[in-house]
Amino acid sequence: KAGVTQTPRYLIKTRGQQVTLSCSPISGHRSVSWYQQTPGQGLQFLFEYFSETQRNKGNFPGRFSGRQFSNSRSEMNVSTLELGDSALYLCASSLGDADGGYTFGSGTRLTVV
Amino acid sequence: EDQVTQSPEALRLQEGESSSLNCSYTVSGLRGLFWYRQDPGKGPEFLFTLYSAGEEKEKERLKATLTKKESFLHITAPKPEDSATYLCAVQAASGNTGKLIFGQGTTLQVKP
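These lines cover the structure that appears in this document, whether it is placed above or below.

The rules we used
- Residues numbered from 1 in each chain as written.
- Chains lettered and ligands numbered in written order.
- Predicted model: local features only at pLDDT ≥ 70, side-chain atom pairs only at ≥ 80, totals over all residues.
- Heavy atoms only, no water.
- Helix = DSSP H or I, 4+ residues; strand = E, 2+ residues; numbered from the N terminus.
- Buried < 20%, exposed > 50% of the residue type's maximum accessible area, 1.4 Å probe, protein only.
- Contact = heavy atoms within 4.5 Å.
- Disulfide = S-S within 2.5 Å.
- Core = buried A, V, L, I, M, F, W, Y, C linked by side-chain atoms within 4.5 Å.
- Phe/Tyr/Trp six-rings, centres within 6.5 Å; stacked < 30°, edge-to-face > 60°.
- Lys NZ or Arg CZ within 6 Å of the ring centre and 35° of its normal.
- Buried area = accessible area lost by both parts, 1.4 Å probe.
- Salt bridge = Lys/Arg side-chain N within 4 Å of Asp/Glu carboxyl O.
- Nonpolar A, V, L, I, M, F, W, Y, C, P; charged D, E, K, R; others polar.
- 1 Å grid on protein atoms, 1.4 Å probe; cavity = no way out; pocket = protein on both sides within 12 Å on 5 of 7 lines; lining within 4 Å.
- Points joined across faces, edges and corners; volume = space filled by probe spheres on them.

Residues and elements named next belong to chain A. On the secondary structure map, S79 appears in the loop between β8 (74–78) and β9 (87–94). Classification of S79 as partly exposed rests on a relative accessible area of 22%. The spacing of S79 and R63 is 16 residues in sequence and 5.1 Å in space, taken between C-alpha atoms. When near neighbours in sequence (up to four residues on either side) are disregarded, S79 contacts Q17, Q18 and R63.

In C-alpha coordinates form, the structure reads like this:
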(Lines give C-alpha, C1' and ligand atoms only; values in the text may rest on other atoms or scores of the structure.)
Protein backbone atom coordinates (compact mmCIF):
# COMPACT_ATOMS: atom_id res chain seq x y z
CA LYS A 1 0.00 0.00 0.00
CA ALA A 2 1.08 3.60 -0.56
CA GLY A 3 2.88 5.25 2.34
CA VAL A 4 2.70 8.78 3.67
CA THR A 5 3.48 11.27 0.90
CA GLN A 6 4.95 14.68 1.60
CA THR A 7 5.43 17.41 -0.97
CA PRO A 8 7.60 19.13 -1.88
CA ARG A 9 10.72 17.22 -0.82
CA TYR A 10 12.92 20.30 -0.82
CA LEU A 11 12.16 23.99 -0.51
CA ILE A 12 14.26 27.14 -0.31
CA LYS A 13 12.58 30.31 0.95
CA THR A 14 13.68 33.80 1.94
CA ARG A 15 13.25 35.27 5.42
CA GLY A 16 9.87 36.89 5.82
CA GLN A 17 8.13 34.73 3.23
CA GLN A 18 5.52 32.12 4.02
CA VAL A 19 5.44 28.46 3.03
CA THR A 20 2.85 25.68 2.76
CA LEU A 21 3.76 22.00 3.08
CA SER A 22 1.49 19.12 2.15
CA CYS A 23 0.98 15.65 3.58
CA SER A 24 -1.16 12.83 2.17
CA PRO A 25 -1.70 10.11 4.80
CA ILE A 26 -2.07 6.37 4.29
CA SER A 27 -5.51 5.55 2.95
CA GLY A 28 -7.91 5.07 5.84
CA HIS A 29 -5.77 6.95 8.35
CA ARG A 30 -7.65 9.86 9.89
CA SER A 31 -4.93 11.32 12.10
CA VAL A 32 -2.05 13.40 10.82
CA SER A 33 0.69 14.74 13.09
CA TRP A 34 3.45 17.17 12.17
CA TYR A 35 6.99 17.31 13.57
CA GLN A 36 9.98 19.58 13.15
CA GLN A 37 13.41 17.91 13.16
CA THR A 38 16.61 19.90 13.66
CA PRO A 39 20.12 18.73 14.66
CA GLY A 40 19.96 20.68 17.91
CA GLN A 41 16.40 19.98 19.11
CA GLY A 42 15.69 16.64 17.50
CA LEU A 43 12.09 15.77 16.65
CA GLN A 44 9.57 18.16 18.17
CA PHE A 45 5.79 17.84 17.96
CA LEU A 46 3.97 20.66 16.16
CA PHE A 47 0.32 19.61 16.08
CA GLU A 48 -2.09 16.79 15.32
CA TYR A 49 -5.28 16.80 13.26
CA PHE A 50 -8.04 14.23 13.42
CA SER A 51 -11.20 14.39 11.31
CA GLU A 52 -10.42 17.98 10.29
CA THR A 53 -10.01 19.17 13.91
CA GLN A 54 -6.80 20.10 15.68
CA ARG A 55 -6.63 17.64 18.56
CA ASN A 56 -3.28 18.55 20.06
CA LYS A 57 -0.70 21.31 19.75
CA GLY A 58 2.99 21.63 20.67
CA ASN A 59 4.91 24.63 21.94
CA PHE A 60 5.48 26.51 18.73
CA PRO A 61 4.60 30.15 17.93
CA GLY A 62 1.41 31.07 16.15
CA ARG A 63 3.33 31.46 12.88
CA PHE A 64 3.00 27.69 12.59
CA SER A 65 -0.48 26.58 11.63
CA GLY A 66 -2.14 23.69 9.91
CA ARG A 67 -5.35 22.27 8.64
CA GLN A 68 -6.84 18.99 7.53
CA PHE A 69 -9.25 18.39 4.70
CA SER A 70 -12.20 16.01 4.49
CA ASN A 71 -10.04 13.45 2.62
CA SER A 72 -7.57 13.53 5.59
CA ARG A 73 -4.85 15.28 3.60
CA SER A 74 -3.16 17.93 5.70
CA GLU A 75 -1.22 21.10 5.12
CA MET A 76 0.97 23.10 7.44
CA ASN A 77 1.80 26.75 6.95
CA VAL A 78 4.65 28.79 8.33
CA SER A 79 4.35 32.56 8.00
CA THR A 80 7.04 35.22 8.32
CA LEU A 81 9.84 32.68 7.98
CA GLU A 82 12.93 32.98 10.17
CA LEU A 83 16.37 31.44 9.64
CA GLY A 84 15.70 29.17 12.62
CA ASP A 85 12.75 27.59 10.81
CA SER A 86 15.19 25.72 8.57
CA ALA A 87 14.50 22.06 9.34
CA LEU A 88 13.14 18.76 8.14
CA TYR A 89 9.36 18.81 8.53
CA LEU A 90 7.85 15.37 8.97
CA CYS A 91 4.28 14.24 9.03
CA ALA A 92 3.01 10.99 10.45
CA SER A 93 -0.35 9.35 9.93
CA SER A 94 -2.27 6.84 12.00
CA LEU A 95 -5.73 5.44 12.43
CA GLY A 96 -6.06 7.83 15.34
CA ASP A 97 -7.16 5.33 17.93
CA ALA A 98 -5.46 4.74 21.26
CA ASP A 99 -3.57 1.71 19.97
CA GLY A 100 -2.37 3.27 16.78
CA GLY A 101 1.10 3.12 15.30
CA TYR A 102 2.50 6.13 13.49
CA THR A 103 3.90 5.96 9.96
CA PHE A 104 6.15 8.81 8.88
CA GLY A 105 6.68 10.34 5.49
CA SER A 106 10.10 11.18 4.08
CA GLY A 107 9.73 14.82 5.05
CA THR A 108 10.12 18.24 3.46
CA ARG A 109 13.54 19.84 3.84
CA LEU A 110 12.97 23.58 4.28
CA THR A 111 15.91 25.97 4.01
CA VAL A 112 15.38 29.63 4.90
CA VAL A 113 17.99 32.05 3.54
CA GLU B 1 7.68 17.22 32.48
CA ASP B 2 7.64 14.26 30.10
CA GLN B 3 11.14 13.48 28.90
CA VAL B 4 13.12 10.88 26.96
CA THR B 5 16.89 10.42 27.17
CA GLN B 6 18.81 8.07 24.91
CA SER B 7 22.34 6.76 25.40
CA PRO B 8 24.88 6.55 24.03
CA GLU B 9 24.67 9.38 21.50
CA ALA B 10 26.84 7.43 19.10
CA LEU B 11 27.96 3.83 18.93
CA ARG B 12 30.51 2.17 16.67
CA LEU B 13 30.46 -1.61 16.41
CA GLN B 14 32.28 -4.19 14.38
CA GLU B 15 30.08 -6.48 12.32
CA GLY B 16 28.89 -9.26 14.60
CA GLU B 17 29.56 -7.36 17.83
CA SER B 18 26.31 -7.33 19.83
CA SER B 19 25.29 -4.35 21.98
CA SER B 20 22.36 -2.48 23.52
CA LEU B 21 20.91 1.00 23.19
CA ASN B 22 19.21 2.61 26.17
CA CYS B 23 16.11 4.80 26.36
CA SER B 24 15.21 6.29 29.77
CA TYR B 25 11.87 8.00 30.09
CA THR B 26 9.80 10.08 32.46
CA VAL B 27 6.15 10.32 31.55
CA SER B 28 2.91 10.91 33.39
CA GLY B 29 1.42 7.54 32.59
CA LEU B 30 2.74 5.58 29.61
CA ARG B 31 0.42 4.77 26.73
CA GLY B 32 3.17 3.39 24.52
CA LEU B 33 6.92 3.44 23.86
CA PHE B 34 8.04 3.43 20.24
CA TRP B 35 11.31 2.55 18.54
CA TYR B 36 12.10 3.95 15.11
CA ARG B 37 15.03 3.68 12.73
CA GLN B 38 16.01 6.72 10.66
CA ASP B 39 18.37 6.72 7.70
CA PRO B 40 19.95 9.98 6.50
CA GLY B 41 17.52 12.15 4.52
CA LYS B 42 14.56 9.90 5.26
CA GLY B 43 11.69 9.83 7.70
CA PRO B 44 11.68 7.53 10.75
CA GLU B 45 10.79 3.91 10.01
CA PHE B 46 8.66 2.14 12.61
CA LEU B 47 10.25 -0.81 14.43
CA PHE B 48 8.33 -1.61 17.64
CA THR B 49 5.66 -0.45 20.05
CA LEU B 50 5.81 -1.59 23.69
CA TYR B 51 2.94 -0.97 26.08
CA SER B 52 3.73 -2.42 29.49
CA ALA B 53 6.70 -3.30 31.69
CA GLY B 54 8.05 -6.76 30.97
CA GLU B 55 6.99 -6.71 27.34
CA GLU B 56 9.51 -7.79 24.69
CA LYS B 57 9.37 -7.70 20.89
CA GLU B 58 11.78 -9.05 18.28
CA LYS B 59 12.43 -8.43 14.63
CA GLU B 60 15.38 -10.04 12.87
CA ARG B 61 18.52 -8.93 14.79
CA LEU B 62 16.63 -6.45 16.99
CA LYS B 63 14.93 -7.04 20.32
CA ALA B 64 13.20 -4.34 22.35
CA THR B 65 12.42 -4.62 26.06
CA LEU B 66 10.57 -2.36 28.48
CA THR B 67 10.71 -1.67 32.21
CA LYS B 68 8.89 1.00 34.21
CA LYS B 69 11.69 3.51 33.66
CA GLU B 70 13.58 2.48 30.54
CA SER B 71 13.67 0.50 27.35
CA PHE B 72 16.53 -1.30 25.67
CA LEU B 73 17.08 -2.06 22.02
CA HIS B 74 19.36 -5.08 21.80
CA ILE B 75 21.18 -5.61 18.53
CA THR B 76 22.51 -9.13 18.02
CA ALA B 77 25.31 -9.79 15.52
CA PRO B 78 24.75 -6.49 13.67
CA LYS B 79 25.49 -6.03 9.99
CA PRO B 80 26.62 -2.85 8.17
CA GLU B 81 23.06 -2.35 6.91
CA ASP B 82 21.94 -1.85 10.52
CA SER B 83 23.84 1.45 10.52
CA ALA B 84 21.28 4.22 11.18
CA THR B 85 19.99 6.52 13.88
CA TYR B 86 17.67 4.76 16.31
CA LEU B 87 14.98 6.90 17.90
CA CYS B 88 12.93 6.19 20.99
CA ALA B 89 9.63 8.00 21.65
CA VAL B 90 6.92 7.85 24.30
CA GLN B 91 3.25 8.68 24.19
CA ALA B 92 1.63 9.79 27.42
CA ALA B 93 -1.65 8.23 28.49
CA SER B 94 -3.31 11.47 29.48
CA GLY B 95 -5.16 12.77 26.45
CA ASN B 96 -2.09 13.47 24.34
CA THR B 97 -3.12 11.29 21.44
CA GLY B 98 -0.93 11.88 18.44
CA LYS B 99 1.91 13.50 20.36
CA LEU B 100 5.13 11.52 20.56
CA ILE B 101 8.01 12.78 22.69
CA PHE B 102 11.30 11.77 21.11
CA GLY B 103 14.76 11.27 22.49
CA GLN B 104 17.75 12.68 20.65
CA GLY B 105 18.60 9.32 19.13
CA THR B 106 21.58 6.96 19.04
CA THR B 107 23.60 6.95 15.83
CA LEU B 108 24.88 3.44 15.19
CA GLN B 109 27.72 2.67 12.80
CA VAL B 110 28.52 -0.96 12.05
CA LYS B 111 31.83 -1.56 10.31
CA PRO B 112 32.45 -4.65 8.18
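Right, picking up where we left off after that structure.
In the structure shown here, the tally under the stated rule is two disulfides over all chains. The side chain of A:C23 participates in a disulfide bridge whose partner is A:C91; the two sulfur atoms lie 1.8 Å from each other. Between A:C23 and A:C91 the disulfide shows an S-S torsion of about 65 degrees. By sign, it is right-handed. Of this pair, A:C23 sits in strand β3 (residues 19–24) while A:C91 sits in strand β9; the two residues are 68 residues apart in sequence, bridging distant segments of the chain. Residue A:C23 shares its accessibility class with A:C91, and that shared class is buried. A sulfur-sulfur separation of 1.9 Å characterises the disulfide bridge that pairs B:C23 with B:C88.

We now examine the nonpolar core. In this structure, B:L33, B:W35, B:L73 and B:Y86 are the most contacted members of the largest nonpolar core, which totals 25 residues. Those elements that provide at least two residues to this core are β2 (10–14), β3 (19–26), β4 (30–38), β5 (45–50), β7 (62–66), β8 (70–75), β9 (84–92) and β11 (106–111) of chain B. Ranked by residues supplied to this core, first place goes to β9(B) with five residues. Counting residues in each nonpolar core, the second largest holds 21 residues, with A:L11, A:L21, A:I26 and A:V32 among its members.

So, on to the packing of aromatic side chains. The tally for this structure, following the rule as stated, stands at 10 aromatic pairs over all chains. Ring centres 5.6 Å apart and planes at 50 degrees place the aromatic pair A:Y35 and A:F104 in the tilted group. In this pair, A:Y35 sits in strand β4 (residues 31–38) while A:F104 sits in strand β10 (residues 103–104), placing the two residues 69 residues apart along the sequence. Here B:Y36 and B:F102 contribute two aromatic rings whose centre-to-centre distance is 6.1 Å and whose plane-to-plane angle is 45 degrees, an arrangement assigned as tilted. Taken together, the residues span a long stretch of sequence, with B:Y36 in strand β4 and B:F102 in strand β10 (residues 101–102) at a distance of 66 residues. Judged by relative accessible area, which is 8%, B:F102 ranks as buried. Taken together, the ring pairs in this structure connect A:Y35, A:F45, A:F104, B:Y36, B:F46 and B:F102 into an aromatic cluster. A cation over a ring is seen here: A:R55 above A:F50, with NZ or CZ 4.3 Å from the ring centre.

Before going further, it helps to examine the interface of chain A and chain B. Many authors give the size of an interface as the accessible area that is lost as the parts come together. In this complex, chain A contributes 24 residues to the contact, which on the side of chain B involves 20 residues. Overall, the association of chain A and chain B removes approximately 1600 Å² of surface from exposure, summing both partners, and the carbon and sulfur fraction of that is 48%. The largest share of the area that chain A buries against chain B comes from A:L43, A:Y102 and A:F104, three residues that together contribute 35% of it. Counting every contact that joins chain A to chain B gives zero salt bridges. Elements represented by at least two residues in the side of chain A that touches chain B include exactly β4, β5 (42–50), β6 (53–57) and β9 of chain A. Its residues assigned to classes, the side of chain A that touches chain B shows nine nonpolar, 11 polar and four charged.

Space inside the largest pocket adds up to approximately 610 Å³. Surrounding the largest pocket, 24 residues form its lining, A:Q44, B:E1, B:D2, B:I101 and B:F102 being those nearest its centre. Looking at the lining of the largest pocket, the elements with two or more residues in it are β5 of chain A together with β1 (3–7) and β10 of chain B. With four residues, the single largest contributor to the lining of the largest pocket is β1(B). For the lining of the largest pocket, a count of residues per class yields eight nonpolar, 12 polar and four charged. Taken as a whole, the second largest pocket spans an internal volume of roughly 450 Å³. In terms of lining residues, the second largest pocket is bounded by 22 residues, among which A:Q37, A:P39, B:Q38, B:T85 and B:T107 are the most central. Taken together, the residues of the lining of the second largest pocket sort by class into seven nonpolar, 11 polar and four charged.

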